[in-house]
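Survey of secondary and tertiary structure
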Amino acid sequence: MLKGFRIHMNKQVEILNVPFIHTTHKEFLNEITSPHNHPIHVVTANPEIVMYAKEHPEYMRTIKQSDYIIADGIGIIIASKMINKPLPERIPGFELMDDLLNYSNEHKKRIYLLGAKEHVVRNAQQQIKEKYPNLTIAGYHHGYIDTDNLEVVEEIRQSEADFIFVALGYPKQEEWITRHKAKLNKGVLMGVGGSFDIWAG
Ligand code: UDP
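Residues numbered from 1 in each chain as written. Predicted model: local features only at pLDDT ≥ 70, side-chain atom pairs only at ≥ 80, totals over all residues.

What follows deals with the overall build of the chain. If you tally the helices and strands in the chain, you get nine helices and eight strands. Relative to its length of 201 residues, the chain is compact, with a C-alpha radius of gyration of 16 Å against a globular reference of 17 Å. Principal-axis analysis of the C-alpha atoms gives the chain an extent of 45 × 40 × 35 Å. The 201 residues of the chain split such that 37% are buried. The contacts in the chain between residues at least 6 apart in sequence include a share of 72% that link residues at least 24 apart. (Helix = DSSP H or I, 4+ residues; strand = E, 2+ residues; numbered from the N terminus. Rg over C-alpha atoms; globule rule 2.2 N^0.38 Å. Buried ≥ 20, exposed ≤ 12 C-beta atoms within 10 Å, placed from the backbone. Contact = placed C-beta atoms within 7 Å.)

Let's shift gears to the site of the ligand. Neighbouring residues of the ligand: 14 residues in total, closest Ala116, Gly143, Gly169, Gly193 and Gly194. The class makeup of the residues in the shell around the ligand is six nonpolar, five polar and three charged. (Near = placed C-beta within 6 Å. Nonpolar A, V, L, I, M, F, W, Y, C, P; charged D, E, K, R; others polar.)

On to the environment of Ile177, then. Mapped onto the elements, Ile177 comes out in helix α8 (residues 172-180). Between the C-alpha atoms of Ile177 and Met60, which are 117 residues apart in sequence, the distance is 14 Å. With sequence-adjacent residues up to four places away left out, Ile177 is seen in contact with His41, Val166, Leu189 and Gly191.

In this section: the sheet that holds strand β8 (residues 188-191). Taken together, six strands build an open sheet; the order of strands is β4-β3-β8-β7-β5-β6 and the sheet is parallel. The open sheet has two free edges, formed respectively by β4 (68-71) and β6 (136-141), since each of these has just one partner strand. Here the average twist between neighbouring strands, direction ignored, is 20°. Bridge analysis of strand β5 (residues 110-115) against strand β7 (residues 163-167) gives five bridges, and the strand direction is parallel. Bridging from a neighbouring strand, Leu113 pairs with Phe165 of β7. (Pairing = 2+ DSSP bridges. Axes fitted to C-alpha atoms, helices over the stretch in contact; angles between N-to-C directions.)

It is worth spelling out the pairing of strand β2 (residues 18-21) at this point. Relative to β2, strand β1 (residues 12-15) runs antiparallel, the two being bridged by four bridges. Opposite Glu14, over in β2, you have Pro19 as the bridge partner. Hairpin connection of β1 to β2: two residues between the antiparallel strands, including Leu16 at a positive phi of 50°.

Another point: the nonpolar core. Within soluble globular proteins, side chains that are nonpolar tend to cluster in buried spots. Of all hydrophobic cores here, the largest spans 55 residues; its most connected members are Phe20, Phe165 and Val166. Here this core takes five residues from β7, the largest share from any one element. If sequence neighbours within four positions are ignored, Phe165 has contacts with Met97, Ile111, Leu113, Met190 and Val192. (Core = buried A, V, L, I, M, F, W, Y, C linked by C-beta atoms within 7 Å.)

Cis geometry is adopted by the peptide bond preceding Pro171, which originates at Tyr170 and carries an omega value of 0°. Among the structural elements, Pro171 can be located in the loop between β7 and α8. Despite not being glycine, Asn17 shows a phi value in the positive range, around 75°. Along the chain, the position of Asn17 falls in the loop between β1 and β2. For Asn17, a count of 11 C-beta atoms within 10 Å corresponds to the exposed category. In this model, Glu160 sits at a positive phi of 50°, which is unusual for a non-glycine residue. Examined against the element boundaries, Glu160 turns out to sit in the loop between α7 (150-159) and β7.

Neither face of β4 is left uncovered, since the one carrying Tyr68 and Ile70 and the one carrying Ile69 and Ala71 both have all their residues buried. Pairing of strand β3 (residues 40-45) with β4 involves four bridges; the strand directions are parallel. Bridged to Thr44 within β4 is Ile70.

Of all the residues in helix α2 (residues 47-55), the buried ones are Ile49, Val50 and Ala53. What you see down the axis of α2 is that its buried residues fit within an arc of 100°, all on one side. Considering only its buried residues, α2 is in contact with β1, β2, β3 and α3 (57-64). (Arc of directions from axis to C-beta.)

The structure is reproduced here in structure tokens:
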């Protein structure tokens, strides 16, 4: 990985008004692990999310406020080919999370997990720590909170996490990130749906 090299990702492909970044898995990983001077929000959008955004203008506005929307799933790639603006490849959210955990392990980064039931997120962080012993779990919290709950936001800010995984399911996770992102000083924030349940086993 080229340190400090920042790809300018301004090439986008719109599918049903959702602007996807034209990038590969490797390029994108490089991009989000490069230094940023503000928190960034990554939306991993699958066809279900695109259809939901189409039917819910408020959610469409929310995801359009993110920094990157990436193609999570083959359905998006097929749709991009059908409109003759092919996206290079899919970037599955679960794999991207695993890549970021691996990166955090190699570079001794800090992560925060928000979402799922209390015992699920507790087990997930244990499993992650076992697989990636060199990263720091800067904190975790279950996801059954009010979207307005500022205590959790403050806890995340103070944790100084580099990567914040938000597993509240859509549309809640994108709404939560959009509402609170500016209160954090740093970090890559990413909605990861049911990923903690998979980690917890
Ligand atoms: N979840 C949560 N808070 C909520 C609703 C859901 O933490 O208010 C969690 C739920 O426990 C699960 C995750 O969100 O771990 C994803 O839920 P779901 O499978 O419904 O979402 P999807 O994967 O379809 O986005």
